[in-house]
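The lines below spell out each chain.
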Amino acid sequence: GEVTLITGAASGIGRAAALLRASAGHPLALLDRDEAGVRAVAAEAEERGAPRALAIAADISSEREVADAYARCRASLGVPVNIVANAGVEIAREAHETTFADWSGVLGVNLSGTFLTCRDGIRLLLAESLPGAIVCVSSPSAFVAFAGGANSAYASSKGGISALVRALAVEYAAYGIRVNGVVPGATATPLLDVTTGADDDIAARARTQIPMGRLARPGEIAEAIDWLLGPKAGYVTGSHLHVDGGLTARGANDF
Ligand code: NAI
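Residues numbered from 1 in each chain as written. Predicted model: local features only at pLDDT ≥ 70, side-chain atom pairs only at ≥ 80, totals over all residues.

Novice: Help me understand the sheet that holds strand β6 (residues 177-184) in this model?
Specialist: Hydrogen bonding along the main chain pairs the strands of a sheet, whether they run parallel or antiparallel. If you trace the seven strands from one edge of the open sheet to the other, you get β3-β2-β1-β4-β5-β6-β7, paired in parallel fashion. Of all the strands in the sheet, the pair left with one neighbour each is β3 (53-57) and β7 (240-243). Sheet twist, expressed as the average angle between the axes of neighbouring strands with direction ignored, equals 15 degrees. In the sheet, strand β1 (residues 4-7) pairs with strand β2 (residues 28-32) via four bridges, with the strands oriented parallel. Looking at the pairing, T4 lines up with L28 of β2. The strands that helix α3 (residues 63-76) touches are β1, β2 and β3; relative to β3, the one it contacts most, it runs at about 160 degrees. Along the sheet face, helix α8 (residues 218-229) touches β4 (82-85), β5 (132-137), β6 and β7 and points at about 165 degrees away from the line of β6. (Pairing = 2+ DSSP bridges. Helix = DSSP H or I, 4+ residues; strand = E, 2+ residues; numbered from the N terminus. Axes fitted to C-alpha atoms, helices over the stretch in contact; angles between N-to-C directions. Contact = placed C-beta atoms within 7 Å.)

Novice: What's the story with the site of the ligand in this structure? I'm lost.
Specialist: Near the ligand you find 31 residues, and of these G8, G12, G88, T189 and L191 are the closest. Among the elements of the structure, α1 (12-23), β2, α4 (100-127) and α6 (190-196) are those that each provide at least two residues to the shell around the ligand. The residue inventory of the shell around the ligand, partitioned by class, reads 13 nonpolar, 13 polar and five charged. (Near = placed C-beta within 6 Å. Nonpolar A, V, L, I, M, F, W, Y, C, P; charged D, E, K, R; others polar.)

Novice: Explain the nonpolar core to me, please; I cannot follow it from the model alone.
Specialist: General note: in soluble globular proteins, nonpolar side chains tend to be found buried as a group. One finds A18, L28, L30, L31 and I225 to be the most contacted residues of the largest nonpolar core, which totals 74 residues. The greatest single-element share of this core, amounting to eight residues, is contributed by helix α5 (residues 152-172). In this structure, L28 is in contact with T4, I6, A18, R21, A22, A45, A50, A53 and L54, ignoring residues within four places of it in sequence. (Core = buried A, V, L, I, M, F, W, Y, C linked by C-beta atoms within 7 Å. Buried ≥ 20, exposed ≤ 12 C-beta atoms within 10 Å, placed from the backbone.)

By themselves, these observations are geometric and do not establish any function.
Printed below as a string of structure tokens:
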């Protein structure tokens, strides 16, 4: 299998993507700033069939840590030809209460971290003249505003990611490097608790706000990521695949 590098692999969607790729026999480089968490997922991935799963503690908002992570991946497993830029953070705060540090923190992880993950991966692919596939994890908030508000920093970071996907797709199409976005709807992960407040009756809101009437399971997002990485999506680049139960299509949502 192809070496697959996944950021934010310790939890939620990244973990589900890691376990799905593992079961298809891909060697994995798993990055997360949660060191204990990513070690546990790497062990789980090897049990599921990954020939090797390397756990790398790294903060994707650090240029040096991302570069070091790629160097470790290359030395231990080889150049990753499949990359999932998934790690992200959310703060639920209205714009007038968002400090510049809040803003910079969210943009630094979500947008700059996604850029660094893509850039360093593309550099290695170009250096070895290898084709590759990259999937970036965007959000419905890149496309529609939340009725509940309070996420201008997050929405801006995800809008940036979706623009980055299109820019990179066009820049590197001639090199055989595909770049796509996946748009998860409200997905049952710890991040969703930040968006909604953990004590909220999320299931009840899902029934009224999401056309399909329920949250996504992380594994359902992982399936779309896996498809976009694979040869069946060989002519797909610069696209977004919405896996959101109709949330974006509906246009107005409270998540
Ligand atoms: P999660 O909170 O379960 O997992 C995110 C992982 O990223 C965690 O393991 C965390 O430690 C890691 N991480 C955060 N900042 C990092 C950094 N600076 N460096 C390295 N690792 C870092 O969240 P979830 O839901 O799995 O989110 C994954 C992606 O999906 C994010 O980009 C999120 O914005 C996106 N998303 C999630 C939705 C949801 O409803 N859960 C909806 C739409 C998009």
